[in-house]
Amino acid sequence: MTLHPLPPGTDGNTRLIRTSLPLLREDPQDCPRGNALRARPFVRQVPERPRRKPVEDFALGPVMRTLDLIEYDGVDPETALRRLHSSTKWHTSHASWAEMAVRNYLTARELSETGRRALGRPATIAVRAQWTAITQTDTPDDRGATRYERTAWGRRYASADGSERELWLLSVNSVKEDRPAAEIAEAAAVTADGVPSRAAFGDIHRPAAGVTARPRQVRVIGVGCGDGEHKVLADWDTDRTAREFARHAKPVLARVVADDRLNPGSGCERCQALSGCSLPPRAAGLLGVPGPPRPRKRRSVSATDLRVHARCPALFHLTRVLHLRSDEPESEPVRRGRAVDDWLNERHRQGSCRGATLPEALAGLSEAEQPTALAMLAQHLLDCPLDGLAPGEAVRVQPRLTAYDPELDVLLIADPDLLYTRSGGWIWRETKTAARRPWEGRELMETYPQLPFAVLLMAAGVPGGDPRRSLIELELLYGDGSGCEEIDPGDPDTQAEARRIIAGLAGPWAVDETYAPTTGDHCAGCEMLLHCAAGRAHLKAR
């Protein structure tokens, strides 16, 4: 991919290609062209899009800021944590979580250093300068680049003599167990080959003070800030590091920076070329609400986001934006629903459920929870929508559907449980597990906002097909029965009701800049209660 000419709606140049670790994951939900553009930081949207965010939307932002004070500036941890709580840059509950995360991280570091000493290895100290692996040429290559920078975001440590280096890769909740070999190999390679550098927006990485001697040994360590667990992902000498890079990372890097395929999804939120891209489909005004009073960075939203925000804006910010999770066990309905969904998704990827044999048990459920979940699956097998589907019809399991509202600068995201064609139209199916029929005395689309969201997306032409033959299905599974409701997305009255429901949910979300907690009975079971002073005070006062 040369990006000549530049994508519509962008300006700049391609002389710098800068890669980061997330690009090596090759997530099927990502857009390959979007990732290739991410690797070209001098290509920018024109006119420049807003970047303002009312509160910090990166979970590890306050964690890194506080650790910088402690490890680089020598600030006492308790003093640094007091500064964390006094800042208005992040939500107060975010600050509470970040304090826990900082303490977890410092404990993990102390345990790691104790382990190093036990092995007779030299102690390590924090390194302020970034490590960047740089390749510079005088003339542009076939991609139009004269400079390549390979980076690895994390926290850096080295022995006093520079013979050993460590890179700590921070995760928000627990240690990532699914990092691909390419990402680990690249993290080790940048740690081994990187030179001290400093970054500035819109500029190349410039030299910075620091030890430039190449280490003999590198370690890559994953750490979960939510639980404090840490794990050594690589502990290699530089010869092995070079071999692992050549085998795993180098081919992936070559693919990523050259891939030109389009696959719209959540990555569109950060893409510089979205305004001029042919995908995703445009859906101006779909949410039916005005934009925020002040420009802000592009956002994405789903029906689940709107539902959670309506329940409690603070919970929305913590779990849907920052992606924080609690260590508290999930409720039985949540575990059961996930187990049922996982089995159905895997079965539907293989085809219909005709002739399927139920498993003896589902993963993640206790012995007492198994009978209800298996009974729900048995109900589905009686009337699987893929049974009898004509040959040649398309079937997509949990596809990501995306539309873009250019007026609000918002991406609309939906993940149907099942999407399949029938006689030229698309059938959008949502499957829900419930202990009892949930819509008694309440309109069905009010109960499940995924349904009016689906109505509006299908009315806007997503995913396409003949709208006269398209349909939305809601499958409800109980331990002692099931039901299937149908909704016609082309019906004018249905569309009007969907617009009313979604506008009612989206209006407060669109303008919210504080994400204040909404207290109530739901606080008792809230997964973020530990970090919500308002919720705890409400429960104490009851």
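Thresholds, definitions, all that
Residues numbered from 1 in each chain as written. Predicted model: local features only at pLDDT ≥ 70, side-chain atom pairs only at ≥ 80, totals over all residues. Heavy atoms only, no water. Helix = DSSP H or I, 4+ residues; strand = E, 2+ residues; numbered from the N terminus. Rg over C-alpha atoms; globule rule 2.2 N^0.38 Å. Contact = heavy atoms within 4.5 Å. Areas by Shrake-Rupley, 256 points an atom, 1.4 Å probe, with all protein chains shown as cover. Lys, Arg positive; Asp, Glu negative; His and termini not counted. Charge placed at Lys NZ, Arg CZ, Asp CG, Glu CD. Pairing = 2+ DSSP bridges. Axes fitted to C-alpha atoms, helices over the stretch in contact; angles between N-to-C directions. Core = buried A, V, L, I, M, F, W, Y, C linked by side-chain atoms within 4.5 Å. Buried < 20%, exposed > 50% of the residue type's maximum accessible area, 1.4 Å probe, protein only. Salt bridge = Lys/Arg side-chain N within 4 Å of Asp/Glu carboxyl O. Expected span 1.5 Å × (residues − 1). Bend = angle between axes of the 7 residues up to and from the residue.

Asks: Outline the overall build of the chain, listing residues and values.
Replies: When helices and strands are counted, the chain shows 14 helices and 20 strands. By the compact-globule yardstick of 24 Å for 542 residues, the chain fits well, its C-alpha radius of gyration being 25 Å. Long-range pairs, those at least 24 residues apart, make up 71% of the contacts in the chain with a sequence separation of at least 6. Element-wise, carbon and sulfur atoms account for 51% of the exposed surface of the chain, whose accessible area totals about 25,200 Å². A distance of 6 Å separates the average location of the 73 positive side-chain charges in the chain from that of its 74 negative side-chain charges.

Asks: I'd love a proper account of the sheet that holds strand β11 (residues 217–224), names of residues and values included.
Replies: Strands sit in the order β4-β7-β8-β11-β12 across an open sheet of 5 strands; the sheet is mixed. The two strands at the open ends of the sheet, each matched to only one other strand, are β4 (124–126) and β12 (230–237). For this sheet the average axis-to-axis angle between neighbouring strands, irrespective of direction, equals 25°. Running at roughly 150° to strand β8 (residues 164–171), helix α4 (residues 92–118) makes contact with β4, β7 (155–159), β8, β11 and β12 of the sheet. Across the sheet, helix α6 (residues 238–258) touches β11 and β12, and the angle it forms with β12 is around 105°.

Asks: Can you lay out the nonpolar core for me, pointing to particular residues and giving the numbers?
Replies: Across soluble globular proteins, nonpolar side chains have a tendency to be buried as a group. Residues Leu287 and Leu412 are the most contacted members of the largest nonpolar core, which totals 77 residues. Ignoring sequence-local partners within four residues, the contact set of Leu287 consists of Val301, Leu408, Val410, Leu412, Phe453, Ile502, Ala503, Ala506 and Trp509. If you look at the next biggest cluster of nonpolar residues, it comprises 21 residues, including Leu344, Leu377, Cys384 and Leu471.

Asks: Give me the lowdown on the pattern of salt bridges, citing residues and values where you can.
Replies: A full pass over the atoms with the stated rule returns 45 salt bridges. Residue Glu113 is joined to Arg109 by a salt bridge in which the shortest nitrogen-to-oxygen separation is 3.5 Å. Of this pair, Glu113 and Arg109 are both found in helix α4, 4 residues apart, which corresponds to roughly one turn of the helix. By relative accessible area, which is 10% here, Glu113 ends up buried. Residues joined by salt bridges that share partners form a network here, namely Arg109, Glu113, Arg116, Arg121, Glu164, Glu166, Arg219 and Asp235.

Asks: Quick rundown of α6? Include the residues and the values.
Replies: Taking 1.5 Å as the rise per residue, α6 with 21 residues should run 30 Å; its terminal C-alpha atoms sit 28 Å apart, in good agreement. The sharpest bend along α6 comes to roughly 45°, located at Ala246. Restricting attention to buried positions, one finds in α6 the residues Thr238, Thr241, Glu244, Phe245, Ala249, Val252, Leu253, Val256 and Val257. Structurally, α6 contributes buried residues whose contacts are with β2 (16–19), α1 (32–38), β6 (147–151), α5 (181–193), β11 and β12.

Asks: Let's hear about unusual backbone geometry: which residues, and what values?
Replies: In the segment running from Leu279 into Pro280, the intervening peptide bond is cis, with an omega of -5°. Along the chain, Pro280 falls in the loop between α6 and β13 (299–301). Here Val462 and Pro463 are connected by a cis peptide whose omega angle stands at 10°. Position of Pro463 among the secondary structure elements: in the loop between α12 (450–459) and β19 (471–478).

Asks: Any chance you could break down the pairing of strand β20 (residues 481–487) for me, citing the residues and the numbers?
Replies: Relative to β20, β19 runs antiparallel, the two sharing 7 bridges. When the bridges of β20 are listed, Leu474 appears paired with Glu485. Between β19 and the antiparallel strand that follows it, β20, lie 2 residues.

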